[in-house]
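Report on the structure
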Amino acid sequence: MENKENTASFKDFMKLLNQTKVNKGMFIAGIVLSLFGMIGSLIVPLLTQSFIDGFNTEMFTAGIAAVIIALFLVSAVLDGFAYYILAKVGQTIIMRLRELVWDKFLKLPVKYFDATKSGESVSRLVNDTAIIKNLITSHFPQVINGTLSIVGAVVILFILDWKMSLIMFIAVPISIVIILPLGRRMGKISKQLQDETASFTGTSQETLSEVRLMKSFNGEAYERKTGQKGINVLYKYGMKEAVINALLSPIMSTVMMFVIILIIAYGGLRVADGTMTIGTMVAFLLYLFQIIMPMTMFAMFFTEMNKALGATERIIKILDMDNEPDAGTLSENNVNFNSLEFENVSFGYIEDTPVLQNISFKAEPNRKIAFVGPSGSGKSTIFSLIERYYEIDAGRILIDGSDITNIPLYDLRKNIGYVAQESAIVSGTIRDNITYGLNEDEYTEEGIRQAVESSYASEFIEELDAGMDTEVGERGIKLSGGQRQRIGIARVFLKDPEILMLDEATASLDSRSERFVQEALDELMEGRTVLVIAHRLSTIINSDNIFFIENGHLTGSGSHAELMETHTMYKTFTDQQFTQDKR
């Protein structure tokens, strides 16, 4: 994994948090409560000083004791409320930050997901935000309280005895010398750890999602070795973090102990020669402890801050990515979604490596056009371009004469029904999958019933104990391939699109189911613009127009009879398939 220096700064971190539009009033309320709590805790040492310096039995009354106890309790309660409010602010920030990242993922183009493992994206959403969450919700409230406590204590200490206070500041340069290099090192290690965590998450998710492949080919040993390698890398980076934490805490404690010893020694001499009272000495030590605890906490905060900057860098990188181009302004009412036309369209997934070159064709309502050709010739890519999963390199794609880039993505995809070779199924019930992507006001129970019957899915659904409410499992693993395909077809029936694209839609069905579903699809095709990809030529012989795609070029078009006479490769394909069917 390539490691780079952190580019995110504290300014970038605050800019990222500002995007969450946190409730500033609640944040200020937390600060104010912390301030009042701090005042209460700062008064106690002064009362202790007065009590010790002027001690006599008459002073030690129930009222004095009650005041001291009350101050402790009020201070604790205010600190508790302040911590809760600041923690809530932190949790809200993280919630909105995750919403931002999740919403961004939903808007990113398909090419991002082609190049990035899904597990890595999940790691950004969960792990990187968790690091920021740990800083914001756990350390940040403590830092706020600690900062107020230190400022107040330092002011009072200088008022009590400025000479003693100067000794205390010996710890500041020593602490900085220790914290800065360790913090920077922690930031680099954390960035590397987060990168490796994302990589391991992606690899492990990929392995577990293809567990049947692993078991079929006895891949357990290979995956065990691969997984152990990733686990060992994470362990090594984890131990590097542990070493820094192990150094930081005792070193800071030693520095603070050294300062305490110096102050006690110097303070003892001052008390002995009468230039300082015992009460002042005790109060000074009490204030010193109010400073020491936050100082140690600041050291941990600084290391966590460096870790959060690494996470910030990756999150900002995602948030700054370009969304799917969606600048269309044409209203759905201004486009009928009837004719579809490609004008000299060229496209390649990789620059200078074209997949389609100068493709031109036109599809119209009540006409069925089909695409035929060898595997990898670019047939499915045509469908991806119509859905605008990718942007073309040259040419134009028109719907009713309007460039599809002028049509909002939502309206475009709302009017397109796409049945792939293997229909995508999500976790949930059969009903969830059939109604996927539709608002509740866009379908009825009768519509669902008709879609299920038309796709010939009612046969197997009625046999299930839970019927439409049957859980299908991850990616529909509890269903057969044919059942998943029929649910996918039912989804398109319910969507009722103007443009219908079928990519071997009946490939996963048995011959009996295929016959019924094909009849249903024929009914669905009526009055629509229909595009079909077929490997079995018997399913598209009756198409109005057949386009032969070869190595990204359109090398022939016409009816089945015309292509049999004019296109050698098409005739060869047809003869081979009919020969195989006879066998």
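Below is a summary of the structure that appears in this document. Within each chain, residues carry numbers counting from 1 in the order of the written sequence. Since the coordinates come from a predicted model, pLDDT governs what is reported: local features require at least 70, and pairs of side-chain atoms require 80 or more to be given and counted, while whole-chain, interface and lining totals use all residues. Note: side-chain values were computed over all heavy atoms of the structure, leaving out hydrogens and water.

1. A closer look at the pattern of salt bridges
Short version of the rule: Any Lys or Arg side-chain nitrogen found within 4 Å of a carboxyl oxygen on Asp or Glu counts as a salt bridge. The helix count covers DSSP runs of H or I at least four residues long, the strand count covers runs of E at least two residues long, and both are numbered beginning at the N terminus. Each residue's exposure class comes from its accessible area (1.4 Å probe, protein chains only) as a fraction of the maximum for that residue type: buried when under 20%, exposed when over 50%, partly exposed otherwise.
Within this structure, the stated rule accounts for 14 salt bridges. One salt bridge in this structure joins arginine 449 and glutamate 446, with 2.3 Å as the shortest N-O distance. Taken as a pair, arginine 449 and glutamate 446 lie in helix 14 (residues 445-454) at a separation of 3 residues, close to a single helical turn. A relative accessible area of 37% places arginine 449 in the partly exposed class.

2. Topic: the packing of helix 2 (residues 24-53) against helix 5 (residues 118-160)
Where we set the bar: A fitted line through C-alpha atoms represents every axis, and for helices the fit uses only the stretch in contact; the resulting angles, taken between N-to-C directions, go from 0 to 180 degrees. Should the near helix be turned anticlockwise from the far one by less than a right angle, the crossing is termed left-handed; should it be turned clockwise, right-handed. Whether two residues touch is decided by their heavy atoms; if any such pair falls within 4.5 Å, the residues are in contact.
Look at helix 2 against helix 5: their axes get within 9 Å of each other, and the N-to-C directions meet at 35 degrees. The hand of the helix 2/helix 5 crossing is right-handed. Residues Phe27, Ile31, Ser34, Leu35, Met38, Leu42, Leu46 and Gln49 of helix 2 pack against Phe140, Ile144, Asn145, Leu148, Ser149, Gly152, Ala153, Ile156 and Leu160 of helix 5.

3. Let's talk about empty space enclosed by the protein
The line we're drawing: Definitions used throughout: a 1 Å grid over protein atoms alone; a cavity as a set of points that fits a 1.4 Å probe which cannot get out; a pocket as an open set with protein on both sides within 12 Å along at least five of seven lines; a lining residue as one with an atom within 4 Å of a point. Grid points are joined across faces, edges and corners, and a volume is the space filled by probe spheres set on the points.
Considering all chains together, one arrives at 1 cavity of 30 Å³ or more under this definition. Estimated volume of the largest cavity: approximately 110 Å³. Taken together, 13 residues line the largest cavity, and the ones lying closest to its centre are Ala505, Thr506, Gln518, Val532 and Thr539. With 3 residues, helix 17 (residues 511-525) is the single largest residue contributor to the lining of the largest cavity.

4. So, unusual backbone geometry
Notably, asparagine 358 is not glycine yet its phi reads approximately 50 degrees, a positive angle. By secondary structure assignment, the location of asparagine 358 is in strand 2 (residues 356-363). Note on asparagine 358: relative accessible area 51%, which makes it exposed. We note that aspartate 400 has phi near 55 degrees; this positive angle belongs to a residue other than glycine. Mapped onto the elements of the fold, aspartate 400 is located in the loop between strand 4 (394-399) and strand 5 (402-403).

5. So, the packing of aromatic side chains
Our working definition: Whether two aromatic rings pair depends on their centres lying within 6.5 Å, for rings of Phe, Tyr and Trp, where Trp uses its six-membered ring; planes under 30 degrees apart make the pair stacked, over 60 edge-to-face, and the rest tilted.
If you walk through the whole model with that rule in mind, you get 13 aromatic pairs. Relative to tyrosine 390, the ring of phenylalanine 347 lies with its centre 5.6 Å away and its plane at 45 degrees, an arrangement referred to as tilted. Remark: tyrosine 390 occurs in the loop between helix 11 (379-386) and strand 4 and phenylalanine 347 occurs in strand 1 (residues 340-347); sequence separation between them is 43 residues. Just as phenylalanine 347 is buried, tyrosine 390 falls in that class too. The interplanar angle of 90 degrees and the centroid separation of 5.0 Å between the aromatic rings of tyrosine 349 and tyrosine 390 together place this pair among those described as edge-to-face. Residue tyrosine 349 is located in the loop between strand 1 and strand 2, and its partner tyrosine 390 is located in the loop between helix 11 and strand 4; the two are separated by 41 residues in the primary sequence.

6. Comments concerning the nonpolar core
To keep things clear, this is the line we draw: Take the buried Ala, Val, Leu, Ile, Met, Phe, Trp, Tyr and Cys residues and link them wherever side-chain atoms come within 4.5 Å; each set so joined is a nonpolar core.
Ile430, Ile434, Leu502, Leu521 and Ile540 are the most contacted members of the largest nonpolar core, which totals 40 residues. For isoleucine 540, the residues in contact, after removing those within four places along its chain, are Lys368, Ala370, Val372, Val532, Ala534, Ile546 and Tyr570. Counting 36 residues, the second-largest nonpolar core is a separate cluster that includes Ala153, Met168, Ile178 and Val259.

7. A short note on the sheet that holds strand 8 (residues 529-533)
What counts is decided by this rule: A pair of strands is labelled paired if DSSP reports no fewer than 2 bridges between them.
Across the sheet, 6 strands lie side by side as 6-7-8-3-9-10; this open sheet has mixed pairing. Strands at the two margins of the open sheet, each flanked by one partner only, are strand 6 (416-419) and strand 10 (553-558). Sheet twist, expressed as the mean angle between neighbouring strand axes with direction ignored, is 15 degrees. As judged from the 4 bridges shared by strand 6 and strand 7 (residues 499-503), these two strands associate in the parallel manner. Across the sheet, valine 419 pairs through a bridge with leucine 502, a residue of strand 7.

8. Some remarks on the sheet that holds strand 2
Pairing is antiparallel in the open sheet, where 4 strands are placed in the order 2-1-4-5. Each edge of the open sheet carries a strand with a single partner, namely strand 2 and strand 5. Taken together, the 5 bridges between strand 1 and strand 4 define a ladder with antiparallel strand orientation. When the sheet's bridge partners are listed, glutamate 343 is paired in strand 4 with arginine 396. With respect to the sheet, helix 11 is in contact with strand 1, strand 2 and strand 4, its orientation differing from that of strand 1 by roughly 115 degrees.

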